[in-house]
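# Observations on chain architecture
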Amino acid sequence: VGLRYLEGPVTGLDCEKILDDEIFPVCSPDLVEDIKLKGLIGAQLLYDVAWKQEWSRWWKAAELEGAPPQGTRFSLYAMAVKSALDGGGVLMAHGPLLAGELNEGRLVMPFAQKLPSRGSFYLLWQADSPLTESQQAFRDWIREETGGG
């Protein structure tokens, strides 16, 4: 049993969509007023290399001119999140991954524009083997936690 971010179900596995994803810029509360005032052109953008196209997709959907500025690239999303929390720049958030930080006010949205992500979060397991009791309990728990159950 595993949780994965995917653009659709995987052949040979049982897949259950757990959460849809949406993307939007976030930053630390210390940066939000400056970002709202000056916009993103001079801002330090934080990129996760696995989702490097997300800034361009959001930029276009927000109808901003030109292309998003180059920024700092991270190979782990957790490191990009840490940089955003520390005031290092503006991160393209994946909503379900940062719900806690947003609810606690440790990260904020300088703009209201959100965009559906290309992927969703899925629960996966082997199609040809029944779930064990503990795997079923995990599936039931994740459904409850995400509002899917």
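Values in this document were obtained by computation on a predicted structure and should not be read as measured data. (Residues numbered from 1 in each chain as written. Predicted model: local features only at pLDDT ≥ 70, side-chain atom pairs only at ≥ 80, totals over all residues. Heavy atoms only, no water.)

### A look at the overall build of the chain
Counted only if it meets this: Numbering of helices and strands starts at the N terminus; helices are DSSP runs of H or I of at least 4 residues and strands are runs of E of at least 2. The cut-offs for exposure are 20% and 50% of the maximum accessible area for each residue type, with area from a 1.4 Å probe on protein chains only; residues under the lower value are buried, those over the upper are exposed, and the others partly exposed. Here, two residues are considered to be in contact whenever any of their heavy atoms come within 4.5 Å of each other. Using the Shrake-Rupley algorithm and a 1.4 Å probe, accessible areas are obtained, with residue cover drawn only from the displayed protein chains. Charge counting treats Lys and Arg as positive and Asp and Glu as negative, with His and both chain ends excluded. Where a charge lies is defined by one atom per residue type: Lys uses NZ, Arg uses CZ, Asp uses CG and Glu uses CD.
Across its full length, the chain holds five helices and six strands. N-terminal to C-terminal, the α/β element order of the chain is β-β-α-β-α-β-α-β-α-β-α. When its C-alpha atoms are laid out on the principal axes, the chain stretches across 55 × 30 × 25 Å. Per-residue burial for the chain yields a buried fraction of 38% across its 149 residues. The long-range share in the chain, meaning contacts at least 24 apart out of those at least 6 apart in sequence, stands at 79%. With an accessible surface of roughly 8,600 Å², the chain has 50% of that area assigned to carbon and sulfur atoms. Across the chain, the 14 positively charged side chains and the 21 negatively charged ones have centroids separated by 6 Å.

### Quick word on the confidence of the model for the chain
Put simply, the rule is: Confidence of the predictor in every single residue is expressed as pLDDT, which spans 0 to 100.
Scored by pLDDT, the chain comes out at a mean of 92, with 99% of its residues at no less than 70. Least confident of the elements in the chain is strand 1 (residues 2–6), whose mean pLDDT is 88; most confident is helix 3 (residues 77–85), at 97.

### A few points about the sheet that holds strand 6 (residues 115–126)
Within a beta sheet, neighbouring strands are joined by backbone hydrogen bonds and run either parallel or antiparallel to one another. Our working definition: For two strands to be treated as a pair, DSSP must find no fewer than two bridges joining them. Axes, fitted as lines to C-alpha atoms, cover a helix only where it is in contact. Angles between the N-to-C directions of the axes lie from 0 to 180 degrees.
One open sheet holds the six strands; their spatial order is 1-6-2-5-3-4, and the pairing between them is mixed. Of all the strands in the sheet, just strand 1 and strand 4 (72–74) have a single pairing partner and so form its edges. Ignoring which end each strand starts from, the neighbouring axes of this sheet average 30° apart. In this sheet, strand 5 (residues 90–94) lies alongside strand 2 (residues 13–26) in antiparallel orientation, the contact comprising four bridges. Bridge pairing links Val-26 to Leu-91 in strand 5. In the packing of helix 5 (residues 133–146) onto the sheet, contacts are made with strand 1, strand 2 and strand 6, and the angle to strand 2 comes to roughly 30°.

### Quick notes on a nonpolar patch on the surface
Put simply, the rule reads: Residues form patches when they are more than 30% accessible in relative terms and have no salt bridge. Like charges link within 9 Å. Nonpolar side chains (Val, Leu, Ile, Met, Phe, Trp, Tyr) link within 5 Å. What counts as a salt bridge is simple: a side-chain nitrogen of Lys or Arg found within 4 Å of a carboxyl oxygen of Asp or Glu.
Taken together, Val-1, Leu-3, Phe-138 and Trp-141 make up a surface patch of nonpolar side chains, about 370 Å² in accessible area. Residue position: Val-1 is located in the segment before strand 1.

### Structural notes on the side chain of Ser-28
Mapped onto the elements of the fold, Ser-28 is located in the loop between strand 2 and helix 1 (29–38). Residue classification places Ser-28 among the buried residues on the basis of a relative accessible area of 2%.

### Examining the pairing of strand 5
Judged by how many residues are buried, strand 5 sits mostly within the fold: five of five residues are covered. Burial of strand 5 is two-sided: the residues Val-90, Met-92 and His-94 facing one way and the residues Leu-91 and Ala-93 facing the other way are all buried. Bridge count between strand 3 (residues 45–48) and strand 5: two bridges; the pairing is parallel. Looking at strand 5, one finds that Leu-45 is bridged to Val-90.

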